[in-house]
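Each chain is listed here by its residues.
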Amino acid sequence: NDFQLVFETQASIQWGRRIRVPREKCCVKKRRMPRSTKKSSSSSGPPVASSSTKCSLRDIVKSHLLDDVFQKSSVKNGNQWMVLVVDPEALRVISSSIGMYNLMEHNVTIVEDLMKRRAPFRDQAVLYLVEPNRSSIDRIVNDWTPSKENKKGPLYGNSVFLYFLGPLPDELFGLIKQCKELVKRVKVLQEVNVDFLTKESGAFHFDMKPPRFQNIYSELYVRRSSTGLSPLHDRMMSKLVTVCATLNEYPHVRFPSNNELCKSLANLFQQKINEFLGSNKSWWFNGDGTNPNTERSTLLILDRKDDCLSPLVHELTYEAMVNDLLPIDDEKIT
């Protein structure tokens, strides 16, 4: 990886404190919902990483998705059966933290691929969980746009739940508002801020691999705009903000003063986390002065040259050795 990101604090060290990023109704208003708005220890929301809890990252994400997405939708749908429609990115996010049994317990009958042709379930509500990109939004809008192919009407019932892995751009939100058939059926539209994979209990992954990102190194170091940043930088920092939102962390940012790339990334991250904080007034973070025994974490942004040894020492774990020696596709050997 070109750089590493580390959370750390002077409090007792646990997973949430030290994380290493591996390589590599007629009117709908967009709402940016925080993961949890309750601050007391008796909160019924998902667990959070603090000095008084010992929850793994996977547990936090699992609880967040099950409680704030599936349980919330199931209750609003009268505990009736629902169809879950996901794009490839959201499918990997779900697969990394929860299983099909958990989904069935929350009244999900079937999981469908948004990018493929799907059978109609007009007697069931639909829950969309997708990455906020143009391709996925176009597919959702097409599901509810009358056409010659949809002579019998929409594919699903009259309840639609829309969830996005990260921030939904205003232009894409505008496309949703233009589809009247969709708008009048929307019950929930929410950004869940889980645009990363929980590969392990104490590690996350941005899922930025080929073929979606073919030239990640050139994008990082060569192809930059006049501001010194590229769309890849913006995407990475947006994903990192969702990690902080999930962990209830508003970190101090530190970087090498003589590294322009790290400086640009640090400034971009600070801008995005401030925008998130400004649009989520009820969101709280560790060390905000209202939560006892918590401190603000520190985010270190480093270049790979500051840690040249780690990529070379690959034989310390079987996992690294298997990735080096065997053809693995999406963590599967065929």
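Look above for the structure.
Structure report, in brief. Keep in mind it's a predicted model, so treat the numbers as computed, not measured. (Residues numbered from 1 in each chain as written. Predicted model: local features only at pLDDT ≥ 70, side-chain atom pairs only at ≥ 80, totals over all residues. Heavy atoms only, no water.)

This part takes up helix H2 (residues 88-95). Among all positions of H2, only Glu89, Ala90, Val93 and Ile94 are buried. Taken end-on, H2 shows its buried residues confined to a sector of 135 degrees, consistent with a single buried face. On its buried face, H2 is in contact with helix H1 (57-76), strand E2 (82-86), strand E4 (125-130) and strand E7 (197-200). (Buried < 20%, exposed > 50% of the residue type's maximum accessible area, 1.4 Å probe, protein only. Helix = DSSP H or I, 4+ residues; strand = E, 2+ residues; numbered from the N terminus. Arc of directions from axis to C-beta. Contact = heavy atoms within 4.5 Å.)

This part covers the sheet that holds strand E3 (residues 108-113). Backbone hydrogen bonds hold the strands of a sheet together, and the pairing may be parallel or antiparallel. Taken in spatial order, the 5 strands of this open sheet run E3-E2-E4-E5-E6, and their pairing is parallel. Looking at which strands have only one partner, the edges of the open sheet turn out to be E3 and strand E6 (186-191). For this sheet the average axis-to-axis angle between neighbouring strands, irrespective of direction, equals 15 degrees. Pairing of E2 with E4 involves 5 bridges; the strand directions are parallel. By the bridge assignment for E4, Met82 is matched with Ala125. Against the sheet, helix H4 (residues 134-143) makes contact with E4 and strand E5 (160-164), and its axis sits at roughly 165 degrees relative to E4, the strand it touches most. (Pairing = 2+ DSSP bridges. Axes fitted to C-alpha atoms, helices over the stretch in contact; angles between N-to-C directions.)

Let us look at unusual backbone geometry. The residue Asn79 is not glycine, and still its phi comes out positive at about 55 degrees. Take Asn79: it is sitting in the loop between H1 and E2. Residue classification places Asn79 among the partly exposed residues on the basis of a relative accessible area of 48%. At Asp207, a position not held by glycine, the phi torsion is positive, near 55 degrees. Among the structural elements, Asp207 can be located in the loop between strand E8 (203-205) and helix H7 (216-221). Here Asp207 falls in the buried class, since its relative accessible area comes to 8%.

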